[in-house]
2 protein chains.
Amino acid sequence: MKVALDAMGGDHAPAVNIGGAKEALELYPSIEKIFLVGDEDAIRAECQKQGLSTTSPRIAIVHAPEVIGMAEPGAKTVRRKKQSSINVAMDLVKAGEADAFVSAGNTGAAVASATIKLRLIEGVDRAGIASGLPNEHGICHLLDAGANPEAKPEHLLVYAIMGSAFARHVLGVKHPKVGLMSNGEEDEKGTTFTKETFALLKGFADSGKAPFDFVGNVEGHDLFETQLDVVLCDGFTGNVVLKSCEATAKAMFKWLKKELTANAVRMIGAKIAKGAFVAVKERASAESYGGSPLLGVNGVVIIAHGGSTAVAVRNAIRVGMETVQHRVNPHIEATLQDVKR
Amino acid sequence: MKVALDAMGGDHAPAVNIGGAKEALELYPSIEKIFLVGDEDAIRAECQKQGLSTTSPRIAIVHAPEVIGMAEPGAKTVRRKKQSSINVAMDLVKAGEADAFVSAGNTGAAVASATIKLRLIEGVDRAGIASGLPNEHGICHLLDAGANPEAKPEHLLVYAIMGSAFARHVLGVKHPKVGLMSNGEEDEKGTTFTKETFALLKGFADSGKAPFDFVGNVEGHDLFETQLDVVLCDGFTGNVVLKSCEATAKAMFKWLKKELTANAVRMIGAKIAKGAFVAVKERASAESYGGSPLLGVNGVVIIAHGGSTAVAVRNAIRVGMETVQHRVNPHIEATLQDVKR
């Protein structure tokens, strides 16, 4: 099991990527090698700083002279910066030298590079990002979280198949439950797009072929409260929802911190109950999930949050490892073949 | 200043509506009268229970034999249940007997009833709901929060004009700042719809005619952190975002409560710091804002959350009062006339 890590990706590169690689090597013995892809000097310096031996057979530095910035237009820049860390790392997966790609860098660039270099699985028209949210009953994946902003109903049908394959094989959910994000739970709610998608999903579920239960339209609260494995939406909605949920959690922690430090008495109370805040922060944070699989490409591609910490990068590597080990892509291929028949 | 209150609207009707009316009458002397619209027997019984004298000249019970349920299809049911509390209350505004309509009931029904009975302001093609969010710099209104799921770019241009009129005249913001919700802050981000809307807003702002500053594309975190008065989006996106933010806040309080009561030590700390949780809950809750104006109809219509408490209903009545007193609709009409020239 070998991982190609974009060492230059994210807001805190290369530090968090080197830190995440170090933790992953310590924690996951099944990882044979991590390719650290990016500016060689910067990577060497950071490895030395963090005490990660570059002579270890489990580490390989692969130089990539270019970096794609977080704010650059992804798809365009991928074509221009051929020697960027994202492209060079993706090439390692394409060549079969690495089993999984992990990046906390520019999402649009990673999606474009993966689609161009690895191509799509047969039967898939658009790849989708499955972002895990901390649901009371497990992890609920919002799919698509941003790869395909103007999705078509048939894209969401394939997302339902792919997302439920991920839930079944990686998370061990026997009968994945799939909902459709809408502006109300009643069947007739939604836009032309969601109504067409609803009809398509319902028809497929009624045919008996669906490898999932379609629960119908869902709303924001279902992401956290209802036993659901996949919530489908177009990539624009998914991206906006995901960022809005993150922003709400962040704002609440900020206000809580302000109020808890507003006077000496509250500060004492906060200190005594500190464990509770740490636990909630951990649960709410993206760190624990760490990486979102880009489903639909011919290879394992994990997108980590731009603001990832070392723990988040380590967890993204873990998600990559699990996606490879549980053979998610072969299962997706087989299911798509089955459905066609 | 007279208010027509849908006494039967919301998940906790009529109790919270009667409670909200009672509080509003106590707190706001400029309210001459509140019409309590709905089932007369139920309203009388609840008034007696809560000690609200129905013989007061500031109270008038208006019987409406029908109720539109929260899950009924709004637009259709409004046409069928002509004697529903929403329709009867709206008729009072239409007839000029009341200055504002307030309901915590079925949003789709209230929007449809308002549009049919009050009609739209000249120059407005679709009404939009402006929902206030607790931004660090004041209140940021998400517009549209659900009235118009499949909006066109020109609808959002009119929303920008209406939302900034509300911010200027009700909230006292001299130079309202307007952003466009997108899947990234860079100008080129978005869907076909948001890109067309962006171009329209930018062209209008560049013409020097705009009564607001257009700040460009914004994301989830801007709702809470950036000095913004209006964030524009189609009603599907707005509805989904609003519900997802509410759900995140709710989930976090739930987790916090669970963790704070997980052991005796934490419970002691939580008790000492209790004031902080109350303050954050109040800030995060929809109660403080209480009501979202439906902008664009010929009359003042305030939509309250279905889960409203009495405090939320009281605040929705206050928003209605302020919208009337600050002459928001005449200002919107005048601005739309100005822009045309």
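Residues numbered from 1 in each chain as written. Chains lettered and ligands numbered in written order. Predicted model: local features only at pLDDT ≥ 70, side-chain atom pairs only at ≥ 80, totals over all residues. Heavy atoms only, no water.

In the annotation of an unreviewed UniProt entry, chain A is listed under the name Phosphate acyltransferase and assigned to Luteolibacter flavescens. Per UniProt, the comment on chain A under Function (unreviewed entry) is "Catalyzes the reversible formation of acyl-phosphate (acyl-PO(4)) from acyl-[acyl-carrier-protein] (acyl-ACP). This enzyme utilizes acyl-ACP as fatty acyl donor, but not acyl-CoA." Quoted verbatim from the Subunit (unreviewed entry) field of the UniProt record, the comment on chain A reads "Homodimer. Probably interacts with PlsY." (UniProt positions renumbered as here; feature names shortened; annotations may be inferred.)

K.L.:
Can you walk me through the overall build of chain A in this structure?
P.N.:
For chain A, the count of helices and strands is 13 helices and eleven strands. Relative to its length of 341 residues, chain A is compact, with a C-alpha radius of gyration of 20 Å against a globular reference of 20 Å. Principal axes of the C-alpha set define a box for chain A whose edges measure 60 × 60 × 35 Å. Taken across its 341 residues, chain A has 57% of its residues classed as buried. (Helix = DSSP H or I, 4+ residues; strand = E, 2+ residues; numbered from the N terminus. Rg over C-alpha atoms; globule rule 2.2 N^0.38 Å. Buried < 20%, exposed > 50% of the residue type's maximum accessible area, 1.4 Å probe, protein only.)

K.L.:
Would you mind going over helix α13 (residues 328-340) of chain B with me for this structure?
P.N.:
Because an α-helix completes one turn every 3.6 residues, residues spaced three or four positions apart along the sequence face the same direction. Residue and element names in this part refer to chain B. With 13 residues, α13 extends 18 Å between its outermost C-alpha atoms, agreeing within 8% with the 18 Å of an ideal straight helix rising 1.5 Å per residue. Among the residues of α13, those classed as buried are V328, N329, I332, T335, L336 and V339. Along the axis of α13, the buried residues cluster in a sector spanning 125 degrees; they form a single face. (Expected span 1.5 Å × (residues − 1). Arc of directions from axis to C-beta.)

K.L.:
What should I look at first to understand empty space enclosed by the protein in this one?
P.N.:
In this approach a probe as big as a water molecule rolls over the atoms, and the regions it shows empty are the leftover space. A complete count under the given rule lists two cavities of 30 Å³ or more for this structure. In this structure, the largest cavity spans a volume of roughly 60 Å³. Lining the largest cavity, in full, are A:M252, A:F253, A:L256, A:V280, B:M252, B:F253, B:L256 and B:V280. Looking at the lining of the largest cavity, the elements with two or more residues in it are α9 (235-260) of chain A together with α9 (235-260) of chain B. Looking at the lining of the largest cavity, its residues break down into eight nonpolar, no polar and no charged. Every residue along the wall of the second largest cavity is listed here: A:D6, A:M8, A:G9, A:V67, A:I68, A:S85, A:I86, A:G105 and A:N106. Along the lines of polarity and charge, the residues of the lining of the second largest cavity split into four nonpolar, four polar and one charged. (1 Å grid on protein atoms, 1.4 Å probe; cavity = no way out; pocket = protein on both sides within 12 Å on 5 of 7 lines; lining within 4 Å. Points joined across faces, edges and corners; volume = space filled by probe spheres on them. Nonpolar A, V, L, I, M, F, W, Y, C, P; charged D, E, K, R; others polar.)

K.L.:
Explain the pairing of strand β6 (residues 138-143) of chain B to me, please; I cannot follow it from the model alone.
P.N.:
Note on strand geometry: in a regular strand, side chains alternate between the two faces of the sheet. Residue and element names in this part refer to chain B. Pairing geometry for strand β5 (residues 128-135) and β6, over six bridges, is antiparallel. Bridge pairing in β6 places A130 opposite L143. The turn joining β5 and β6, which pair antiparallel and follow one another in sequence, is formed by two residues. Inspection of the sheet shows β6 paired to strand β9 (residues 230-232) by three bridges, in the parallel sense. The residue bridging L143 from the neighbouring strand is L232, located in β9. (Pairing = 2+ DSSP bridges.)

K.L.:
Is there a simple way to explain the side chain of A:S182 in this structure?
P.N.:
Within the fold, A:S182 resides in the loop between β7 (177-181) and α7 (192-206). Residues contacting A:S182, with those up to four places away along its chain left out, are A:K189, A:G190, A:T194, A:N217, A:V218, A:E219, B:F236 and B:V240. (Contact = heavy atoms within 4.5 Å.)

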